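# Close look at the chain arrangement
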Amino acid sequence: MSIRIPFHDLKRQNEEIEQEIQACIAGVLQKGIFILGEEVDRFENEWAEFCGVSTAAGVNNGTDALELALTASGAVRKGKQDEVITSPLTAGYTALAIVNAGGVPVFADIDPQTLTLNPNTLEKAITLRTRAVIPVHLYGRMCDMQAICEIAYQYNLVVIEDAAQAHGAILAGKRAGSFGEAAAFSFYPTKKLGGLGDGGAVISNNPELIDCVKILRQGGHAAAMQSDKAGLNSRLDEIQAAILRVKLRRLDEWNERRRRFAAIYNQLLSDTSLKTFSVPDNVDSHVFHLYVVRQEKREILRRFLLSRGIETLIHYPFLLHQQPLFRHAEQPSLPVAESVGNEIFSLPLYAQISREEIQETAQAILEFEKKV
Ligand SMILES: Cc1ncc(COP(=O)(O)O)c(C=O)c1O
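This is a predicted model, so every value here is computed, not measured.

Our focus in this paragraph is the overall build of the protein. For the protein, the count of helices and strands is 13 helices and twelve strands. On C-alpha atoms alone, the protein measures out to a radius of gyration of 21 Å, which is about the 21 Å that the 2.2 N^0.38 rule sets for 372 residues. Seen through its C-alpha atoms, the protein measures out along the principal axes to roughly 65 × 55 × 40 Å. For the protein, with 372 residues in total, the buried portion stands at 48%. Taking the contacts inside the protein whose residues are at least 6 apart along the sequence as the reference set, 70% of them involve residues at least 24 apart.

Written as structure tokens, this is what we have:
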């Protein structure tokens, strides 16, 4: 079956800004500096300002950004079995970063309405070894940061936001990434702010933390080539930074388009058996990294959509507390995540999708509903 409505079409975004992209790449070629130069400096300043924090450090990807934030904040110390609580419903990279930093990921259950970390279950998962929490703003929707930060304050935990899917999202007037001690972003091409390759950043209001990330991202060399700390080799390159600066100017507009498309889906699917996850507009701004729905007959519906040439994906097909790398004996079962995990899937939605493609996808779902 040929795909007529792809889950993503990254070419469309680049076509919209092709001349600016070509010009900024040409500018970098002309300067002849390719790693951690002026473009990276400028992007770091612009990204920190956009997010409403004081500083940022560009790194090679979102996974490294999380690992470096955990290390630079002092939350996770190598060899100490420090526990970090996070959600079981997220990309495996969230937990991988905890392991790479030398910590132990512990998973707490999610809220069935928001699919993000439930503050009550978070509190129950805290032990004497817990040092940090990573709330994941899943699918572009912010976690309940007020409740999470209050619990973290009470138990002296470091909050590192995983904002890899939430560029530009706002909660109570503040951008994603400006609530915790630090936040990590990914600029993987499919993200709302994405490069033409890998990229990531740590942001924080703590300049010492960011200075430490800047040392760690370059092999841990504080002075030229002097090995002080066990760092990573995780640098942002000039071409990616230049491209991200061009796209940052469009981010709010592109997020607004995503919200409008999500509202069309919400409306067209309102009389179906699918559960949608809308948010009240006046409370916060969801940036719909993904448009996720819940349906018991997920596989039959996905196959039907594919037979119509409509591509869907599952985010995520495996819950992290059940993964061989992260599974451990003391981990309790997580009933909400386990029931939701079998039913969720994602419909095509991105800033350059057309209204007709959204309508056709919704129409196909309505047809399916009539049949079953
Ligand atoms: C929630 C979440 N955290 C972390 C990451 C890791 O980002 P990257 O792929 O840039 O390492 C991703 C991206 O896949 C993500 O979606």
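Here we take up the pairing of strand 3 (residues 104–107). Burial of strand 3 is two-sided: the residues V104 and V106 facing one way and the residues P105 and F107 facing the other way are all buried. With helix 5 (residues 92–101) bridging strand 2 (residues 83–86) and its parallel neighbour strand 3, the resulting β-α-β unit is right-handed.

To continue, consider the site of the ligand. By nearness alone, 15 residues border the ligand, and N61, G62, T63, A164 and S186 come closest of all. Among the secondary structure elements, those contributing two or more residues to the shell around the ligand are helix 4 (62–72) and helix 5. Broken down by class, the residue content of the shell around the ligand amounts to five nonpolar, eight polar and two charged.

Assigned domains of the protein: these are domain 1 (10–108 + 115–248) and domain 2 (251–371). Counting residues at the interface gives 29 residues for domain 1, matched by 28 residues for domain 2. Only helix 1 (10–16), helix 5, strand 3, strand 6 (170–171) and helix 9 (238–248) provide two or more residues apiece to the side of domain 1 that touches domain 2. Here the residues of the side of domain 1 that touches domain 2 sort into 17 nonpolar, seven polar and five charged.

For the rest of this paragraph, the subject is helix 9. Because an α-helix completes one turn every 3.6 residues, residues spaced three or four positions apart along the sequence face the same direction. Across the eleven residues of helix 9, eight count as buried, placing the element largely inside the fold. All of the buried residues along helix 9 are E238, I239, Q240, A241, A242, I243, L244 and K247. On its buried face, helix 9 sits against helix 2 (18–31), helix 3 (38–51), strand 1 (55–59) and helix 10 (251–268).

Okay, the environment of E296 next. Looking at the secondary structure, you find E296 in the loop between strand 11 (291–294) and helix 11 (298–307). Take E296: there are 12 C-beta atoms within 10 Å of it, and that puts it in the exposed class. Each C-alpha atom of the pair E296 and L274 lies 8.4 Å from the other, and the pair is 22 residues apart in sequence.

As a general point, the strands of a sheet are linked pairwise by backbone hydrogen bonds and lie either parallel or antiparallel. Pairing is mixed across the open sheet formed by seven strands, whose spatial order is 1-9-8-5-4-2-3. The open sheet terminates on both sides in strands that have one partner only, identified here as strand 1 and strand 3. Adjacent strand axes in the sheet meet at a mean angle of 25° when their direction is disregarded. Looking at chain direction, strand 8 (residues 182–186) and strand 9 (residues 200–204) are connected through five bridges and run antiparallel. For A183, the partnering residue across the bridge sits in strand 9 and is I203. Against the sheet, helix 3 makes contact with strand 1 and strand 9, and its axis sits at roughly 130° relative to strand 1, the strand it touches most.

The end-to-end C-alpha distance of helix 3 is 20 Å, a good match for the 20 Å that 14 residues give at a rise of 1.5 Å each. Buried within helix 3 we find E39, V40, F43, E44, W47, A48 and C51. Within helix 3, the buried residues cover an arc of 160° as seen down the axis, which keeps them to one side. At its buried positions, helix 3 is contacted by helix 2, strand 1, strand 7 (174–175), strand 9 and helix 9.

Below, the discussion takes up the environment of M1. Relative to the assigned elements, M1 resides in the segment before helix 1. A count of 10 C-beta atoms within 10 Å places M1 in the exposed class. Beyond its immediate chain neighbours, meaning those up to four positions away, M1 contacts L306, S307 and G309.

On to the nonpolar core, then. Membership of the largest hydrophobic core comes to 109 residues, with the highest contact counts inside it found for L70, I160 and V202. Ranked by the residues each element gives to this core, the list is headed by helix 4, at six residues. Residues within four places of V202 in sequence aside, it is in contact with A56, A57, V59, A65, L68, A69, A182, A184, I210 and V213.

What follows deals with the packing of helix 3 against helix 9. Orientation of helix 3 relative to helix 9, taken along the N-to-C sense of each, is 35°, at an axis distance of 8 Å. In the crossing of helix 3 with helix 9, the sense of the turn from one axis to the other is left-handed. When helix 3 is examined against helix 9, the residues E39, V40, R42, F43, E46, W47 and F50 are found in contact with a partner set consisting of E238, A241, A242, L244, R245 and L248. Among the residues forming the contact of helix 3 with helix 9, the class breakdown is eight nonpolar, no polar and five charged.

What counts, and where the lines are drawn
- Residues numbered from 1 in each chain as written.
- Predicted model: local features only at pLDDT ≥ 70, side-chain atom pairs only at ≥ 80, totals over all residues.
- Helix = DSSP H or I, 4+ residues; strand = E, 2+ residues; numbered from the N terminus.
- Rg over C-alpha atoms; globule rule 2.2 N^0.38 Å.
- Buried ≥ 20, exposed ≤ 12 C-beta atoms within 10 Å, placed from the backbone.
- Contact = placed C-beta atoms within 7 Å.
- Right-handed = clockwise from strand over helix to strand, strands pointing away.
- Near = placed C-beta within 6 Å.
- Nonpolar A, V, L, I, M, F, W, Y, C, P; charged D, E, K, R; others polar.
- Domains from an automatic or database assignment.
- Pairing = 2+ DSSP bridges.
- Axes fitted to C-alpha atoms, helices over the stretch in contact; angles between N-to-C directions.
- Expected span 1.5 Å × (residues − 1).
- Arc of directions from axis to C-beta.
- Core = buried A, V, L, I, M, F, W, Y, C linked by C-beta atoms within 7 Å.
- Left-handed = near helix turned anticlockwise from the far one by under 90°.

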